[in-house]
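Overview (structure and organization)
Here is what each chain is made of, one letter per residue.
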Number of protein chains: 2
Amino acid sequence: MGGPRFEPVQAVRAYERVVEQVEEAIERGVLTPGQRLPSERDLMVQFSVSRSTVREALRVLQARGLVRSRPGDPNGAEVLAFSPATLHKSMSTLARVSELSLAELVQFRMVLDASANLLAARLRTEEQLAEMDAAIARMREAVEESYESFSAADVAFHDAVARASGNKLIQICTDVVRSIVLDLVSEKIAGASDRKALMLESIGHHEEVLAAVRAGDGPLAARLARRTMYDYYAVYVPEGERPALLALLE
Amino acid sequence: MGGPRFEPVQAVRAYERVVEQVEEAIERGVLTPGQRLPSERDLMVQFSVSRSTVREALRVLQARGLVRSRPGDPNGAEVLAFSPATLHKSMSTLARVSELSLAELVQFRMVLDASANLLAARLRTEEQLAEMDAAIARMREAVEESYESFSAADVAFHDAVARASGNKLIQICTDVVRSIVLDLVSEKIAGASDRKALMLESIGHHEEVLAAVRAGDGPLAARLARRTMYDYYAVYVPEGERPALLALLE
DNA sequence: GACTATTTGTCCGTATGTATG
DNA sequence: CCATACATACGGACAAATAGT
């Protein structure tokens, strides 16, 4: 064993080297959000490449959500704070291209929401409990208004729980997967004839979940959260795929 | 309320429009993986834009993992099958830039692995059980060899469980988060003095988990999986953040 | 408000290395 | 080996947009 482990020589493009250097500077904190990159002409001098190369590198950095540039900006491209937008983008294409079924998405939401509730039940503050109360109150008001405002309040509730979990990864994934699921089923829900009854039932479920979170009973909150999500979305999942969801309900 | 809801007019760049059209063609299945795009010169004619614009669009598409282009290829850029590589990339930068702590990453792994085991216990086939057996066997052999081969076998086990869960999203996220965690702690583990004892203990835990999966006891498998992961990684997590992990162990 | 300087967005032409037949 | 077509990279140019005077 052993011997020299040569790296495969790959003709790395010029723009890639530019991307790497800027990316590393951002990740190392040398460039912080809000700061500006040098102008394209300055960059072509510093990297000693042509402007086209600089621009291709900037496009890649922009696609990765690290910088943003506007025409005529005298300050150069702006370094952005990381947002889950790119994550959202790639997960969305994954959902559309790589044939993610609604069942898998809902199942993943059940996993995330249950975990968030489990953690929130132990770690929540009084302030966060108040947020959840307020969200449910808005859900109740929205029943008479529109499905859109109801859905917004529902999102706010789950968001508050996700924040209370203290885990940013849970928070971000919850946000991403939820918006994808809503894209897939919001028209169907909005057009349901018994929409109002569904909303009222959902509110009751949310209140039970919140009571468990308030009582600090994590396992119960997680179980109720899974059940709530199942009851709300199962009708839109093909019957053949529902057993996979039920497997989470023990 | 009401009134015409105008969209904010944003000067959409030419390369963006090119990206949109190609992206849509891929997502609608007009362009399938393995197919080739027209050459850059053909594209500048079809879109009636310049070469630079075409190239910037191709860089963005490449950054999103949708196409790949090599110099001298007579067939033009290749349409790729979607891979979680972009997802991996953006989640990695999220971990580095957005200050994700090791505690949060391990916590998320605990959530994913527990859910995967819960589902696997009900949905696994005999074939998948055999894979898990084989992985544990390789772990046992690797104890005398090296930490690297042990880690590889360990990865294979968790991968088999994730596949057996039947949820691609769990599978992909497991893969992504695991590699990030391993990047952060693999040197520490490899350099541990009581490495061998740790490996043996870990094997025992994995066997208990597998026994629960084989018995079809999902909740038990999930609980053991969480415990296994905690015991393996907790020492690398700052003491102040361990309570957040313990909150998952009920 | 208008003018000017600078920057980005876009286009064109050209040279070079590479892969295919 | 040669010819062709391609991607890569360079440099120059002009219009549109922005910021400061």
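These figures come from a predicted structure and were not determined experimentally.

With that out of the way, let us pick up the overall build of chain A. Within chain A, the regular secondary structure consists of 11 helices and two strands. Each helix (α) and strand (β) of chain A, taken in turn from the N terminus, gives the series α-α-α-β-β-α-α-α-α-α-α-α-α. Expected size for 250 residues packed as a compact globule is a radius of gyration near 18 Å; at 23 Å, chain A overshoots this value by more than 25%. Taken over the C-alpha atoms alone, chain A extends approximately 65 × 55 × 35 Å along its principal axes.

Turning our eyes to something else, we now look at helix α6 (residues 126–142) of chain A. Between its terminal C-alpha atoms α6(A) stretches 24 Å, which fits the 24 Å expected from 17 residues at 1.5 Å a residue. The secondary structure elements touched by the buried residues of α6(A) are α5 (102–123), α7 (147–164) and α9 (195–215) of chain A.

With that settled, consider the nonpolar core. As a rule of thumb, soluble globular proteins bury nonpolar side chains together. The biggest cluster of nonpolar side chains holds 129 residues, and the ones touching the most others in it are Phe150(A), Tyr233(A), Phe150(B) and Tyr233(B). Look past the residues within four positions of Tyr233(B) in its chain and what remains in contact with it is Val106(B), Arg109(B), Val181(B), Leu182(B), Val185(B) and Ile189(B). In terms of nonpolar packing, the next biggest core, distinct from the first, is built from 41 residues, Ala57(A), Val67(A), Leu58(B) and Val67(B) among them.

Mapped onto the fold, Glu23(A) is located in helix α1 (residues 14–27). Judged by its relative accessible area of 7%, Glu23(A) falls in the buried class.

Another point: the interface of chain B and chain A. Counting residues at the interface gives 50 residues for chain B, matched by 50 residues for chain A. Of the roughly 4,800 Å² buried at the junction of chain B and chain A (both faces included), carbon and sulfur atoms supply 67%. The interface formed by chain B and chain A holds eight salt bridges in total. Across the pair Glu104(B) and Lys168(A) runs a salt bridge, and its minimum N-O distance is 3.4 Å. Where chain B touches chain A, the interface holds 15 residue pairs in polar contact (both at pLDDT 80 or more). Among the elements of the structure, α1 (14–27), α3 (51–63), α4 (85–97), α5 (102–123) and α8 (168–190) of chain B are those that each provide at least two residues to the side of chain B that touches chain A. Here the element with the most residues in the side of chain B that touches chain A is α5(B); it accounts for 10 residues.

Right, let's get into the protein's contact with DNA strand C. Every one of the 24 residues lining DNA strand C counts as a neighbour, but Arg41(A), Arg51(A), Ala14(B), Ser50(B) and Thr53(B) are closest to it. Of all DNA strand C atoms lying within 4 Å of any protein atom, the proportion belonging to sugar or phosphate reaches 66%. Separating a phosphate oxygen of DNA strand C from a backbone N or O atom of Glu40(A) is a distance of 3.1 Å. Note that a phosphate oxygen of DNA strand C is positioned 2.5 Å from one of the side-chain N or O atoms of Thr53(B). The biggest single contributor to the surface near DNA strand C is helix α3 (residues 51–63) of chain A, with three residues. Of the residues contributing to the surface near DNA strand C, the split by class is seven nonpolar, eight polar and nine charged.

What follows is about unusual backbone geometry. The phi angle at Ser48(A) is positive, at roughly 50 degrees, despite the residue not being glycine. Along the chain, Ser48(A) falls in the loop between α2 (40–46) and α3.

As a further point, take the relation of the copies chain B and chain A. Superposition of chain B onto chain A requires a rotation of 180 degrees combined with a translation of 0.1 Å along the rotation axis, giving an RMSD of 0.2 Å. Such values leave the two copies arranged in the relation of a two-fold axis. When the interface residues of chain B are mapped onto chain A, 100% of them again fall at the interface, so both copies present the same face.

Moving on: the protein's contact with DNA strand D. Taken together, 25 residues surround DNA strand D, and among them Ala14(A), Ser50(A), Thr53(A), Arg51(B) and Arg70(B) come closest. Backbone sugar and phosphate groups make up 72% of those atoms of DNA strand D lying within 4 Å of the protein. Between DNA strand D and Arg51(A) there is a distance of 3.5 Å, counted from a base nitrogen to a side-chain nitrogen or oxygen. Contacts to DNA strand D include Thr53(A), whose side-chain N or O atom sits 2.6 Å from a phosphate oxygen. If you list the elements that add at least two residues to the surface near DNA strand D, you get α1 and α3 of chain A together with α2 (40–46) and α3 of chain B. Looking at side-chain class alone, the surface near DNA strand D contains seven nonpolar, eight polar and 10 charged residues.

With that out of the way, let us pick up the side chain of His205(A). As for its position among the elements, His205(A) is in helix α9. Not counting residues up to four positions away in its chain, the partners in contact with His205(A) are Thr228(A) and Asp231(A).

A few words on the domain arrangement of chain A. If you check the domain split of chain A, you get domain 1 (14–79) and domain 2 (85–246). The distance between the C-alpha centroids of domain 1 of chain A and domain 2 of chain A comes to 38 Å.

What follows deals with the packing of aromatic side chains. All names here are of chain A. Taken as a whole, this structure holds two aromatic pairs over all chains when the rule is applied. On the basis of an interplanar angle of 85 degrees and a centroid distance of 5.1 Å, the ring pair of tyrosine 232 and tyrosine 233 is categorised as edge-to-face. The exposure class of tyrosine 232 is buried, given its relative accessible area of 16%.

Taken as a whole, chain A shows an average pLDDT of 89; of its residues, 95% reach a score of 70 or greater. The low-confidence segment residues 1–9 of chain A, where pLDDT is below 50, has zero contacts with residues more than four positions distant or belonging to other chains.

Residue and element names in this part refer to chain A. Among the secondary structure elements, phenylalanine 108 is positioned in helix α5. Overall, phenylalanine 108 belongs to the buried group, its relative accessible area being 0%. In sequence terms phenylalanine 108 and glycine 240 are 132 residues apart; their C-alpha atoms lie 17 Å from each other.

All names here are of chain A. Taking 1.5 Å per residue as the helical rise, α9 with its 21 residues ought to reach 30 Å, and the 30 Å between its terminal C-alpha atoms agrees with that figure. Inspection of α9 places Met199, Ser202, Ile203, His205, His206, Val209, Leu210, Ala212 and Val213 among the buried residues, and these make up the whole buried set. Against the buried residues of α9 lie α5, α6, α7 and α10 (218–233). Glycine 216 occupies a position one or two residues after α9 and carries a positive phi of about 80 degrees.

Thresholds, definitions, all that
- Residues numbered from 1 in each chain as written.
- Chains lettered and ligands numbered in written order.
- Predicted model: local features only at pLDDT ≥ 70, side-chain atom pairs only at ≥ 80, totals over all residues.
- Heavy atoms only, no water.
- Helix = DSSP H or I, 4+ residues; strand = E, 2+ residues; numbered from the N terminus.
- Rg over C-alpha atoms; globule rule 2.2 N^0.38 Å.
- Expected span 1.5 Å × (residues − 1).
- Contact = heavy atoms within 4.5 Å.
- Core = buried A, V, L, I, M, F, W, Y, C linked by side-chain atoms within 4.5 Å.
- Buried < 20%, exposed > 50% of the residue type's maximum accessible area, 1.4 Å probe, protein only.
- Buried area = accessible area lost by both parts, 1.4 Å probe.
- Salt bridge = Lys/Arg side-chain N within 4 Å of Asp/Glu carboxyl O.
- Polar contact = N/O pair within 3.5 Å; in protein donor to acceptor, adjacent residues only side chain to side chain.
- Near = heavy atom within 4 Å.
- Nonpolar A, V, L, I, M, F, W, Y, C, P; charged D, E, K, R; others polar.
- Least-squares fit on C-alpha atoms with pLDDT ≥ 70 in both.
- Domains from an automatic or database assignment.
- Phe/Tyr/Trp six-rings, centres within 6.5 Å; stacked < 30°, edge-to-face > 60°.
- pLDDT = per-residue confidence, 0-100.

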